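In case you want the letters, here they are:
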Amino acid sequence: DMVGHSTAMHQLRDRVQQLADLAEGCLIIGERGCGIDLVALGIHEASKRAHRPFVSIDCSVHSAETLEQELF
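First, a word on what this report is: a plain description of the structure on this page.

Reading guide: rules and limits
Residues numbered from 1 in each chain as written. Predicted model: local features only at pLDDT ≥ 70, side-chain atom pairs only at ≥ 80, totals over all residues. Heavy atoms only, no water. Helix = DSSP H or I, 4+ residues; strand = E, 2+ residues; numbered from the N terminus. Buried < 20%, exposed > 50% of the residue type's maximum accessible area, 1.4 Å probe, protein only. Contact = heavy atoms within 4.5 Å. Areas by Shrake-Rupley, 256 points an atom, 1.4 Å probe, with all protein chains shown as cover. Lys, Arg positive; Asp, Glu negative; His and termini not counted. Charge placed at Lys NZ, Arg CZ, Asp CG, Glu CD. Core = buried A, V, L, I, M, F, W, Y, C linked by side-chain atoms within 4.5 Å.

Secondary structure assignment for the protein chain yields three helices and zero strands. In sequence order, the secondary structure elements of the protein chain are arranged as α-α-α. Dimensions of the protein chain, computed from the C-alpha atoms along their principal axes, are close to 40 × 25 × 15 Å. Burial statistics for the protein chain: of 72 residues in total, 17% are counted as buried. Within the protein chain, counting contacts between residues at least 6 apart in sequence, those at least 24 apart form 36% of the total. As displayed, the protein chain has an accessible area near 6,000 Å², and 55% of this comes from carbon and sulfur atoms. Between the averaged position of the 6 positive side-chain charges in the protein chain and that of its 11 negative side-chain charges there is a distance of 7 Å.

Core analysis: the biggest nonpolar cluster contains five residues, these being Val 16, Leu 19, Ala 20, Val 39 and Ile 43. Elements represented by at least two residues in this core include exactly helix H1 (7-20) and helix H2 (36-46). Looking at this core, the element that brings in the most residues is H1, giving three residues.

Those residues of H2 not exposed but buried are Val 39, Ala 40, Gly 42, Ile 43 and His 44. Here the buried face of H2 lies against H1.

See the structure below:
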């Protein structure tokens, strides 16, 4: 649940809805602690795939090799 009523938060919520309507996946990047997981969960819950499990992967804990194995 994203809180806030600023213009930036309204724009973020609009962007989340736009991304949720897409059939493709998306990569969300940002600094640790800025709420990336909330954005990802919001996109998932607003999408047609909301009935499927939500899987979150913290890419910062993997090396390039293990990340490739984890994702593919």
